[in-house]
Amino acid sequence: MTSRKIKTTHVGSLPRPQWFLDTWQYSQQETAEQDKSALKRAVKEVVDMQAEIGLDIVNDGEMSKPTYATYITSRLNGFSEGDQGKIDKKAIILADLGEYPEVIQRMIETGSIDPNEPRLCCTGKVTPSAASHSKVMQDLDCLQSALQSHPDCQGFMSAASPGVISVFQQNQFYETQDAYLEDTAEAMRLEYEAIVNAGLILQLDCPDLAMNRHLEYSASSDDEFVKSVSRNIEVLNHATRNIPAEQMRMHVCWGNYEGPHHRDIPLRKIIATVIQAKPAGLLIECANPRHAHEAEVFEKFKLPDDKYLVPGVIDTCTNYVEHPDLVAQRILRFVALVGMERVLAGTDCGFATFAKCPSVFPRIAEAKLHSLVKGAQIASEKLSR
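A. Representation of the overall build of the chain within the structure. A tally of helices and strands in the chain yields 12 helices and eight strands. Against the compact-globule benchmark of 21 Å for 385 residues, the chain has a radius of gyration of 20 Å, which places it among compact chains. Over its C-alpha atoms, taken along the principal directions, the chain stretches across nearly 60 × 50 × 45 Å. For the chain, buried positions account for 56% of its 385 residues.

Structure follows, in structure tokens:
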């Protein structure tokens, strides 16, 4: 990957237009026919916005998806409410928030958590549904159509990893977790390959490789968790076996929520395993107060020659608008560590992980993206001197 400037991108979700939220029916299992013209209009609006701001690598803002990890339950067979009494409650409560129940209460009050909403589980064999292909092609068509007006922009599309699917939809069917992961990987392979065949960059969303340490593995050792990371990567690599590494990137994070995060596993403990994943690009959190210091990991850990970094230089959990000079400083630190040709400027995570409850106000999200582009311009100018 070579470039004369520091290019910019983001992680995925963007605030949906209010008119679209009033139109589109988000659910874990869609049953009604949706207005496809509304989706195409919303995607065009969000792509136009990104292009006007000056982002280089843009997406559809995940307009059609309720969340990055649960959208698959309307595309794959094998998911239903199942036996809600058998859900492991400890595995769905983030360990850091468990120590501060008042924070959970506040999240319930603000709508970012709904304790009464049934949580879908894996209750049958995971296979693509009859609607799976059409839903993927619908998303691809909307993004490709919107990109036609912006030939200078490159497109990417996000897709859930097998590991993160298994985290958010607990297994109540398979005898082993391995069997669940393997069938899920094979079912998702079709979506992964369709995205790349459409000429887009495939972004694999993999919070399971970090966040799951303080979910399912909160009572385990770091070594036990890292072993699970290795297994999830093995499955992911098999699912993407037909896709060139340079056409993929992956996002690893510790959870896109404003909380203490003091239970997050350090990047230094998982980086050597995470980097074994096939995708060439690695998107990581580097702007928020818990992980901003972890650029130092790359002082000792040598990034493989065939990999590049997309560090988050914009926080996606607060409504502070970062100063462009701060953004430039963050970018230049990574350039000094791994080289200009292997750094893209990105965001910590999405701005609207949950479609109906964005973590950042829409207009402020745009302002933050402006700062991202301006900061990258400042950094590029300094590197050209």
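Next comes the rest of the description.
B. Representation of helix H2 (residues 36–53) within the structure. Its 18 residues give H2 an end-to-end C-alpha distance of 26 Å, which sits within 8% of 26 Å, the value for a rise of 1.5 Å per residue. Among the residues of H2, those classed as buried are Ala38, Leu39, Ala42, Val43, Val46, Val47, Asp48, Met49, Gln50 and Ile53. Against helix H1 (18–21), strand E1 (57–58), helix H5 (132–147) and helix H12 (362–384) lie the buried residues of H2. One or two residues past the end of H2 sits Gly54, with phi positive at roughly 115°.

C. Structural context of the packing of H2 against H5. Contact geometry for H2 and H5: axes closest at 9 Å, N-to-C directions at 45°. Classed by the angle they form, the pair H2 and H5 counts as oblique. Crossing angle aside, the handedness with which H2 passes H5 is right-handed. The residues of H5 that touch H2, namely those facing Lys36, Leu39, Lys40, Val43, Lys44 and Val47, are Gln138, Asp139, Asp141, Cys142, Leu143, Ser145, Ala146 and Leu147. Of the residues contributing to the contact of H2 with H5, the split by class is seven nonpolar, two polar and five charged.

D. Seen up close, the side chain of Gln50. Summarising the element assignment, Gln50 is placed in helix H2. By relative accessible area, which is 0% here, Gln50 ends up buried. Engagement of the side chain of Gln50 in a polar contact is seen with the side chain of His10, the distance being 2.8 Å. In this structure the side chain of Gln50 is engaged in a polar contact, spanning 2.8 Å, whose partner is the backbone oxygen of Asn59. Residues contacting Gln50, with those up to four places away along its chain left out, are His10, Leu14, Leu55, Val58 and Asn59.

E. Region of the structure containing the sheet that holds strand E8 (residues 308–311). Overall, parallel pairing links the six strands, which are arranged E1-E4-E5-E6-E7-E8 in an open sheet. Strands at the two margins of the open sheet, each flanked by one partner only, are E1 and E8. Where strand E6 (residues 248–252) and strand E7 (residues 281–284) come together, four bridges link them in parallel fashion. Bridging across to E7, Met250 finds its partner in Leu282. Here helix H7 (residues 177–197) sits on the sheet and contacts strand E4 (154–160) and strand E5 (201–205); the angle it forms with E4, its principal contact strand, is near 175°.

F. Structural view of the nonpolar core. The biggest cluster of nonpolar side chains holds 108 residues, and the ones touching the most others in it are Leu202, Met250, Ile270, Leu282, Phe298 and Ile331. Residue contributions to this core peak at nine residues, all from H7. Beyond its immediate stretch of four places on either side in the chain, Ile270 contacts Leu209, Ala210, Phe225, Val226, Trp254 and Ile265. Formed by nine residues, the second largest nonpolar core is a distinct cluster that contains Val11, Ile57, Ala280 and Val310.

G. Structural context of the packing of aromatic side chains. Within the structure shown, the criterion is met by nine aromatic pairs. Between Trp19 and Phe20, the ring centres sit 5.8 Å apart and the planes meet at 80°, which makes this aromatic pair edge-to-face. Put simply, the rings of Trp19, Phe20, Trp24 and Tyr26 touch in pairs and so form one group of aromatic residues.

H. Representation of the pattern of salt bridges in the model. Tallying each qualifying case throughout the model produces 20 salt bridges. For Arg189, the salt bridge identified is with Glu193, shortest N-O distance 3.1 Å. Placement of the pair is Arg189 and Glu193 together in helix H7, with a separation of four residues, close to one helical turn. Both residues of the pair, Arg189 and Glu193, count as buried. Close ionic contact of Arg213 with Asp222 constitutes a salt bridge, the shortest N to O distance being 2.8 Å.

I. H5, seen in detail. When the terminal C-alpha atoms of H5 are compared, their 23 Å separation across 16 residues agrees well with the 22 Å that a helix rising 1.5 Å per residue should span. By the burial criterion, the buried members of H5 are Ser132, Lys135, Val136, Gln138, Asp139, Leu140, Cys142, Leu143, Ala146 and Leu147.

J. Representation of unusual backbone geometry within the structure. Of note in the backbone geometry, Glu62 takes a positive phi value of approximately 60° without being a glycine. Relative to the helices and strands, Glu62 resides in the loop between E1 and strand E2 (76–80). On the basis of relative accessibility, which here comes to 4%, the residue Glu62 falls in the buried class. In this structure, His261 takes a positive phi of about 60° despite not being glycine. For His261, the position within the fold is in the loop between E6 and helix H9 (271–274).

K. Seen up close, the state of the cysteines. Counted by the stated rule, this structure contains zero disulfides. Among the cysteines around Cys122, which has no disulfide bond, Cys121 carries the closest sulfur, lying 8.6 Å off. Look at Cys122 and you get buried, because its relative accessible area is 0%. Note on Cys153: no disulfide assigned, nearest cysteine sulfur contributed by Cys142 at a separation of 17 Å.

What counts and how
- Residues numbered from 1 in each chain as written.
- Predicted model: local features only at pLDDT ≥ 70, side-chain atom pairs only at ≥ 80, totals over all residues.
- Heavy atoms only, no water.
- Helix = DSSP H or I, 4+ residues; strand = E, 2+ residues; numbered from the N terminus.
- Rg over C-alpha atoms; globule rule 2.2 N^0.38 Å.
- Buried < 20%, exposed > 50% of the residue type's maximum accessible area, 1.4 Å probe, protein only.
- Expected span 1.5 Å × (residues − 1).
- Contact = heavy atoms within 4.5 Å.
- Axes fitted to C-alpha atoms, helices over the stretch in contact; angles between N-to-C directions.
- Parallel < 35°, antiparallel > 145°, perpendicular 65-115°, else oblique.
- Left-handed = near helix turned anticlockwise from the far one by under 90°.
- Nonpolar A, V, L, I, M, F, W, Y, C, P; charged D, E, K, R; others polar.
- Polar contact = N/O pair within 3.5 Å; in protein donor to acceptor, adjacent residues only side chain to side chain.
- Pairing = 2+ DSSP bridges.
- Core = buried A, V, L, I, M, F, W, Y, C linked by side-chain atoms within 4.5 Å.
- Phe/Tyr/Trp six-rings, centres within 6.5 Å; stacked < 30°, edge-to-face > 60°.
- Salt bridge = Lys/Arg side-chain N within 4 Å of Asp/Glu carboxyl O.
- Disulfide = S-S within 2.5 Å.

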